[in-house]
Amino acid sequence: MQLKRGKYGWMLSGAAALMLLGACGDGKTASPQAESLEDASKQELVSALEERDRLLAIVKEISETMEEIKRLEGALTVGDANPDERARRQRLPAEIAVVKRRLAERRRQLAELEEQLKNSTLYTDDLQAIVATMRRQIDLQSTEINSLQARLLSAGERIDSLSSAVDSLNQSVGQLTEQKASAVEMSERLSNEMNTCYYVVAPKSVLKEHKIIETPFLRRTKLLNGDFDHTLFTEADRRTLSEITLGEKKARPLTSHPDGSYRIERVGGVYKFVITDATAFWGVSNYLVLQEE
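Note that the structure is a prediction, hence the values are computed from the model and not measured.

Student: How would you summarise the overall build of the chain if you had to cite specific residues and measurements?
Tutor: Tallying secondary structure elements over the chain gives 6 helices and 9 strands in all. Taking all 293 residues of the chain together, 25% fall into the buried category. When contacts within the chain are restricted to residue pairs at least 6 apart in sequence, long-range pairs at least 24 apart make up 69% of them. When the accessible surface of the chain is summed, it comes to about 19100 Å², and 53% of that surface belongs to carbon and sulfur atoms.

What follows is the structure in C-alpha cells.
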C-alpha cells in the first residue's frame, strides 16, 4: 500500500503542479493549452484510481476464493457419519465447478487489467510484480481446485467400487444363504426319511391277506417278502415313537429286534408295546410287525 500511495501521490502532486502552473502568471485567464493539459492530467488520475479499485477488487476476490477452496477441502476430508456432512459432500462437485468458473473469470479480468496498465505510463516494475504475484495465486488456486476435483472423483470411484463389492458380497451371501437353506432342507428330508418307521398290529389272518407274512406248506414262514401291502402299515418317526397301544389283546413282534430294547406291559387291562432303546430297536429294520394273539 505504501507503493500505491507513493504512485498515486506522485500523480496527485503532478496534477496539483499542473493546476498551480495554470493559476500562476500575470493573473490572466489560463491559456487553452494549459486547460487541455490540466484536463488530461485529471482524466489520467481518474483512470489510475479506477484501475487501482479494480486491482483491489481482484485481490479481494482471490483471497475469498482461497477461503472457499479451504472450506471445500475441509468438506471433502470430513467423514460421512453425519447426514448433514453427507449432504454437503453431495454438493461438492457443483461447488467446485463454480469455483473453477470464478478462477477463469479472475484470470481473464487480471489479463485485461494488465493489458490496460501496460498501455499506461503508470505501469511501474512494482505494479508489474503485484500483477505477477496475483497471477501466480490464481494458478496455485487452479491447481488446488483441480486436485480437489481429482480427489473427489477418486473418492467417488472408490465408493462405486466398494458399493459394487458390497453388492457382489450381498449376492454371494444371498446365494450361500439359499444354498445353506437348501442343504438344511435336504438334510432334514434325508434325516426324516432315515428315521421314518412303519408298524402294523393285526391278527395273523389279516397279515397273510396283505402278504405281509407267507406260510407255504411245509416251509418256514416268510416275512415282508416280495410285493406286500404297504398301506396296512402306519408311518411314524422312530425318534419320537416310544409306545404303541395294542388294546385288550396281547401281540408279539414277528420282525427281529434286540432283546431288551422293548417290553410289553399291561396297564388297566390295555396292553402296550413300549420301545425302551430306540437306537438298538430300529437298528435292524424300520419295519415292525406285531401279530395279535
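On we go.
Student: Residues and numbers for the environment of aspartate 237, please.
Tutor: Residue position: aspartate 237 is located in strand β4 (residues 234-237). Residues aspartate 237 and methionine 194, 43 residues apart in the sequence, show an inter-C-alpha distance of 9.2 Å. With residues near it in sequence (within four places) discarded, aspartate 237 still touches Asn195 and Cys197. A polar contact of 2.8 Å, which involves the side chain of aspartate 237, links it to the side chain of arginine 239.

Student: Any details on the sheet that holds strand β7 (residues 262-267)? Residues and values, ideally.
Tutor: The strand order across the open sheet built from 3 strands is β5-β8-β7, with neighbouring strands paired in antiparallel fashion. Two strands in the sheet have a free side with no partner beyond their single neighbour: β5 (243-247) and β7. Ignoring which end each strand starts from, the neighbouring axes of this sheet average 25° apart.

Student: Account for the pairing of strand β9 (residues 287-292), naming residues and giving values.
Tutor: The element β9 is largely enclosed, with a buried count of 5 among its 6 residues. Pairing analysis gives 5 bridges linking strand β1 (residues 196-202) to β9, with the strands arranged parallel. Pairing of valine 200 across the sheet is with valine 289, part of β9. Looking at chain direction, strand β6 (residues 251-253) and β9 are connected through 3 bridges and run antiparallel. Opposite proline 253, over in β9, you have leucine 290 as the bridge partner.

Student: Help me get a handle on the pattern of salt bridges, residues and values and all.
Tutor: Scanning the model with the defined rule gives 7 salt bridges in all. In this structure, the salt-bridge partner of glutamate 112 is arginine 108, at a minimum N-O distance of 3.1 Å. With a gap of 4 residues between them, glutamate 112 and arginine 108 both fall in helix α3 (residues 83-118), about one helical turn apart. Using a relative accessible area of 36% as the deciding quantity, one classes glutamate 112 as partly exposed. In this structure, a network of salt bridges that share partners links the residues Glu105, Arg108 and Glu112.

Student: An account of the side chain of serine 142 is needed here, citing residue identities and associated values.
Tutor: Among the secondary structure elements, serine 142 is positioned in helix α4 (residues 125-194). Each residue touching serine 142, except ones within four places of it in the same chain, is listed here: Leu103 and Arg107.

Student: So what about the confidence of the model for the chain? Which residues, and what values?
Tutor: Caution is warranted with low-pLDDT regions, since their predicted coordinates should not be read in detail. Chain-level statistics for the chain give a pLDDT mean of 75 and a share of 70% at 70 or above. Taken together, the stretch residues 1-30 has pLDDT below 50 and engages in 22 contacts with residues farther than four places along the chain or on a different chain.

Student: Give me the nonpolar core: which residues, what numbers.
Tutor: Ranked by internal contacts, the top residues of the largest apolar core, which has 19 residues, are Leu55, Leu72, Leu110 and Ile145. Contributing elements (two or more residues each) for this core: α2 (32-77), α3 and α4. Those residues in contact with leucine 110 that sit more than four places away from it in its chain are Leu55, Ile58, Val131, Met134, Arg135 and Ile138. In terms of nonpolar packing, the next biggest core, distinct from the first, is built from 14 residues, Cys197, Leu246, Tyr271 and Phe273 among them.

Student: Before we move on, can you summarise the sheet that holds β9 with the specific residues and values?
Tutor: With mixed pairing, the 4 strands of this open sheet are ordered in space as β4-β1-β9-β6. The open sheet has two edge strands, β4 and β6, and neither has a second partner. Direction aside, neighbouring strands of the sheet carry axes that sit 30° apart on average.

Cut-offs and rules
- Residues numbered from 1 in each chain as written.
- Predicted model: local features only at pLDDT ≥ 70, side-chain atom pairs only at ≥ 80, totals over all residues.
- Heavy atoms only, no water.
- Helix = DSSP H or I, 4+ residues; strand = E, 2+ residues; numbered from the N terminus.
- Buried < 20%, exposed > 50% of the residue type's maximum accessible area, 1.4 Å probe, protein only.
- Contact = heavy atoms within 4.5 Å.
- Areas by Shrake-Rupley, 256 points an atom, 1.4 Å probe, with all protein chains shown as cover.
- Polar contact = N/O pair within 3.5 Å; in protein donor to acceptor, adjacent residues only side chain to side chain.
- Pairing = 2+ DSSP bridges.
- Axes fitted to C-alpha atoms, helices over the stretch in contact; angles between N-to-C directions.
- Salt bridge = Lys/Arg side-chain N within 4 Å of Asp/Glu carboxyl O.
- pLDDT = per-residue confidence, 0-100.
- Core = buried A, V, L, I, M, F, W, Y, C linked by side-chain atoms within 4.5 Å.

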